Amino acid sequence: MKLVSGRRGTPAAKTRRKTGQKGPGRPEGTSVVRDDILDAAEELFANLGYAGTTLREIADSANVTQALINYYFGSKYGLFEAVFMRRSQIIAQQRMDNLARLYAKPGKLKVRDIVQAFLMPTLAFRSTPEGRSFLRLQARLHTEPPQISYKLRTDAYGTSTRQYVDALRNALPNLPELDAYWRVTLMVGTYLYAFSDTHRMEEMAPPGLYDPDDTDSLIDQVTRFVTGGMQAP
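A quick note: this is a predicted structure, and the numbers were derived from the prediction, not measured. (Residues numbered from 1 in each chain as written. Predicted model: local features only at pLDDT ≥ 70, side-chain atom pairs only at ≥ 80, totals over all residues. Heavy atoms only, no water.)

A.B. asks: What is the right way to read the environment of Phe 45 from this model?
C.D. replies: Within the secondary structure, Phe 45 is located in helix H2 (residues 30-52). A sequence separation of 38 residues divides Phe 45 from Val 83, and the C-alpha atoms of the two residues are 9.0 Å apart. (Helix = DSSP H or I, 4+ residues; strand = E, 2+ residues; numbered from the N terminus.)

A.B. asks: When you look at the layout of surface pockets in this model, what are you seeing that I'm missing?
C.D. replies: The method is simple in principle: a probe with the dimensions of a water molecule rolls over the atoms, and the space it marks as empty is what remains. Within this model, the largest pocket holds a volume of roughly 600 Å³. Lining the largest pocket are 25 residues; nearest its centre among them are Ala 194, Met 201, Tyr 210, Leu 218 and Val 222. If you list the elements that add at least two residues to the lining of the largest pocket, you get helix H9 (177-195), helix H10 (200-204) and helix H11 (215-230). Looking at the lining of the largest pocket, the element that brings in the most residues is H11, giving six residues. Along the lines of polarity and charge, the residues of the lining of the largest pocket split into 11 nonpolar, six polar and eight charged. Estimated volume of the second largest pocket: approximately 420 Å³. Around the second largest pocket, the lining is made up of 19 residues, and of these Arg 153, Tyr 157, Thr 161, Thr 185 and Val 188 lie nearest the centre. Within the residue set of the lining of the second largest pocket, elements represented by two or more residues are helix H5 (76-104), helix H7 (129-141), helix H8 (146-171) and H9. No other element matches H8, which puts seven residues into the lining of the second largest pocket. Its residues placed into classes, the lining of the second largest pocket shows 10 nonpolar, six polar and three charged. (1 Å grid on protein atoms, 1.4 Å probe; cavity = no way out; pocket = protein on both sides within 12 Å on 5 of 7 lines; lining within 4 Å. Points joined across faces, edges and corners; volume = space filled by probe spheres on them. Nonpolar A, V, L, I, M, F, W, Y, C, P; charged D, E, K, R; others polar.)

A.B. asks: What am I meant to see in the pattern of salt bridges here?
C.D. replies: Side chains that differ in charge, positive against negative, can pair when their charged atoms come close. Taken as a whole and assessed by the stated rule, the structure comprises 11 salt bridges. The partner of Asp 60 in a salt bridge is Arg 56, and the shortest N-O contact between them spans 3.4 Å. Of this pair, Asp 60 and Arg 56 both sit in helix H3 (residues 55-62), four residues apart, which is roughly one turn of the helix. Residue Asp 60 is classed as partly exposed on the basis of its relative accessible area, which comes to 34%. Across the pair Glu 203 and Arg 200 runs a salt bridge whose closest N-O atoms are separated by 3.3 Å. Placement of both Glu 203 and Arg 200 in helix H10 is noted, with a separation of three residues, approximately one turn of the helix. The class for Glu 203 is exposed, based on a relative accessible area of 56%. Taken together, the shared-partner salt bridges connect Asp 39, Glu 42, Arg 86 and Arg 87 into one network. (Salt bridge = Lys/Arg side-chain N within 4 Å of Asp/Glu carboxyl O. Buried < 20%, exposed > 50% of the residue type's maximum accessible area, 1.4 Å probe, protein only.)

A.B. asks: What am I meant to see in empty space enclosed by the protein here?
C.D. replies: Counted by the stated rule, this structure contains one cavity of 30 Å³ or more. The space that makes up the largest cavity amounts to roughly 30 Å³. Every residue along the wall of the largest cavity is listed here: Val 111, Ile 114, Val 115, Tyr 164, Leu 168, Val 184, Met 187 and Met 230. Secondary structure elements with two or more residues in the lining of the largest cavity: helix H6 (111-123), H8 and H9. Among the elements that line the lining of the largest cavity, the one with the most residues is H6, at three residues. The class makeup of the residues in the lining of the largest cavity is eight nonpolar, no polar and no charged.

A.B. asks: What am I meant to see in the packing of aromatic side chains here?
C.D. replies: Inspection of the entire model under this criterion finds 11 aromatic pairs. Ring centres of Phe 118 and Tyr 191 lie 5.9 Å apart, and the angle between their planes is 70°; this geometry places the pair in the edge-to-face category. Here the residue Phe 118 occupies a position in helix H6, and Tyr 191 occupies one in helix H9, the gap between them amounting to 73 residues. On the basis of relative accessible area, Phe 118 is assigned to the buried category, the value being 1%. When its relative accessible area of 2% is taken as the criterion, Tyr 191 is described as buried. Among the aromatic residues, those joined into a cluster by ring pairs are Phe 84, Phe 125, Phe 134 and Tyr 157. Sitting over the ring of Tyr 50, Lys 76 keeps its end group 4.5 Å from the ring centre. Directly above the ring of Tyr 157 sits Arg 95, whose terminal nitrogen or CZ lies 5.2 Å from the centroid. (Phe/Tyr/Trp six-rings, centres within 6.5 Å; stacked < 30°, edge-to-face > 60°. Lys NZ or Arg CZ within 6 Å of the ring centre and 35° of its normal.)

By themselves, these observations are geometric and do not establish any function.
As structure tokens, this is what we get:
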């Protein structure tokens, strides 16, 4: 997965300055320009939220005009939707692929395997600054107004999340349906907090005890915690 940066110093931005392309028309390398806009918007939306981010700020960060943003995305919400769906659809598809591989194995589904299949696609995004911006954006989405957040979450994750509820009930046949939905929802809340650079562990743990770059420890801790909750009476 290639996560590209949306800075003024990128080759695409330098090319635009060299050619003098500023208008809302279709410039050369449109996909690169579009990615520059998405990257700039992703970082700003992650840091400032939907309401706190202006198209002017995004245009300045991407080194384009507001007219060009409207050309590609139609509106601020259209841009926000494109930013969120760009990476969330990758996560959702990888989750479904992981689950399909689990079903293809002989024997009964194991809860720990289900949990890791769900978590791993998101964990991979912590390896780059752009990926971490998306994780912050995703966590922040839960605090955005319902008219912004509900549809995006459903469109991005509704199908894959229901598949994991079914998988959990397959692994734990005595688990009531409502409990399965609750536990998958709580798993989502746990990983959003743990993966989203809240720096809470750095604040709580004694110096030297916690390594924020130790992703193996992170996934192990979250997996064990969530698996225990999934299997609780």
